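Next come the chains, spelled out residue by residue.
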Amino acid sequence: MDSKIRKHLNNLHSEERDLQNQAFFYILEATEKPVEWAYEIWDKLVAGLRHKDNHVRAISAQVLCNLVKSDPENRMQKDFPALMAVTKDERFVTARHCLQSIWKAGASGKKMQKTVVEAFVDRFRNCAAEKNCTLIRYDIIQGLRNLCDEVKDEKIKQKALELIETEEDLKYRKKYASVWK
């Protein structure tokens, strides 16, 4: 890992928000393609999913989702429950940032794809009592769309359409369906 990457990784935990945000965007861009240093930071990011600072939790979740393409040991299979737990974070913005990134983990291979789709289905079905249920469901449907577009698997689209049909409120059913138009 080069010194610039190391510096930005260290700044992900900075209390100075501008520095933290600059580091976050740099690392997100760097992890758009597979990287050799994923496992050097993996455990620290997994630990960050439970950090006291919600920004660190959100950053850790999003960077982990980007790093799954650099995970030949399939560590994400073991760490995925911790990642999904962030989708129920006490700070909704943190939960939402995580939820909007999880589809990337599913694009890393068939096994993770199955894990992500099953988790999305479960989360969609069981969020009805949550305060922001409609946003959660919309993000899930959008995540399924992103995953389907990335891996070209029509079964994902069918699963999303099945979930949409379970929505009782016609207004929201139409909103969710608009993702697929």
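Scroll up for the structure.
About the criteria used
Residues numbered from 1 in each chain as written. Predicted model: local features only at pLDDT ≥ 70, side-chain atom pairs only at ≥ 80, totals over all residues. Heavy atoms only, no water. Helix = DSSP H or I, 4+ residues; strand = E, 2+ residues; numbered from the N terminus. Rg over C-alpha atoms; globule rule 2.2 N^0.38 Å. Contact = heavy atoms within 4.5 Å. Areas by Shrake-Rupley, 256 points an atom, 1.4 Å probe, with all protein chains shown as cover. Lys, Arg positive; Asp, Glu negative; His and termini not counted. Charge placed at Lys NZ, Arg CZ, Asp CG, Glu CD. Salt bridge = Lys/Arg side-chain N within 4 Å of Asp/Glu carboxyl O. Buried < 20%, exposed > 50% of the residue type's maximum accessible area, 1.4 Å probe, protein only. Polar contact = N/O pair within 3.5 Å; in protein donor to acceptor, adjacent residues only side chain to side chain. Axes fitted to C-alpha atoms, helices over the stretch in contact; angles between N-to-C directions. Parallel < 35°, antiparallel > 145°, perpendicular 65-115°, else oblique. Nonpolar A, V, L, I, M, F, W, Y, C, P; charged D, E, K, R; others polar.

### A look at the overall build of the chain
Alright, step 1. Counting its regular elements, the chain contains 11 helices and zero strands.
Alright, step 2. What you see in the chain, going N to C, is helices and strands ordered as α-α-α-α-α-α-α-α-α-α-α.
Alright, step 3. The C-alpha radius of gyration computed for the chain amounts to 16 Å, which stays within 12% of the reference 16 Å derived for 181 residues, consistent with globular compactness.
Alright, step 4. Overall, the C-alpha framework of the chain stretches about 50 × 30 × 25 Å when taken along its three principal axes.
Alright, step 5. Excluding contacts between residues fewer than 6 apart, the proportion of contacts in the chain whose partners are at least 24 apart in sequence is 60%.
Alright, step 6. Of the roughly 9800 Å² that the chain leaves accessible, carbon and sulfur atoms contribute 49%.
Alright, step 7. Treating the 33 positive side-chain charges of the chain as one cloud and the 28 negative ones as another, the clouds have centres 3 Å apart.

### Some points on the pattern of salt bridges
Alright, step 1. Enumeration over the complete set of coordinates arrives at 12 salt bridges.
Alright, step 2. Residue arginine 6 pairs with glutamate 40 through a salt bridge whose shortest N-O separation is 3.3 Å. Here arginine 6 is found in helix α1 (residues 3-11), whereas its partner glutamate 40 is found in helix α3 (residues 38-48), with 34 residues between them in sequence.
Alright, step 3. Arginine 6 gets classed as partly exposed once you look at its relative accessible area, which sits at 37%.

### What to know about the side chain of aspartate 79
Alright, step 1. Assignment of secondary structure puts aspartate 79 in helix α5 (residues 75-85).
Alright, step 2. Polar contacts involving the side chain of aspartate 79 include one to the side chain of lysine 78, which spans 3.0 Å.
Alright, step 3. Once residues lying within four places of it in the same chain are set aside, the contact partners of aspartate 79 are Trp42 and Val46.

### Re the packing of helix α2 (residues 17-30) against helix α4 (residues 54-67)
Alright, step 1. Interhelical geometry of α2 versus α4 gives an angle of 10° and a closest axis separation of 10 Å. Judged by the inter-axis angle, α2 sits roughly parallel to α4. The residues of α4 that touch α2, namely those facing Arg17, Gln20, Phe24, Ile27 and Leu28, are His55, Val56, Ile59, Gln62, Val63 and Asn66.
Alright, step 2. When its residues are assigned to classes, the contact of α2 with α4 shows six nonpolar, four polar and one charged.

### Considering the environment of arginine 50
Alright, step 1. Structurally, arginine 50 is set in the loop between α3 and α4.
Alright, step 2. The spatial distance from the C-alpha of arginine 50 to the C-alpha of lysine 33 is 26 Å, given a sequence separation of 17 residues.
Alright, step 3. Once residues within four sequence positions are removed from consideration, arginine 50 is found in contact with Arg57 and Ala82.

### Remarks on the side chain of threonine 94
Alright, step 1. Considering the arrangement of structural elements, one finds threonine 94 in helix α6 (residues 92-101).
Alright, step 2. Polar side-chain contacts of threonine 94 include one of 3.0 Å to the side chain of asparagine 54.
Alright, step 3. Discounting chain neighbours no more than four positions away, the residues touching threonine 94 are Asn54, Arg57, Ala58, Val86 and Asp89.

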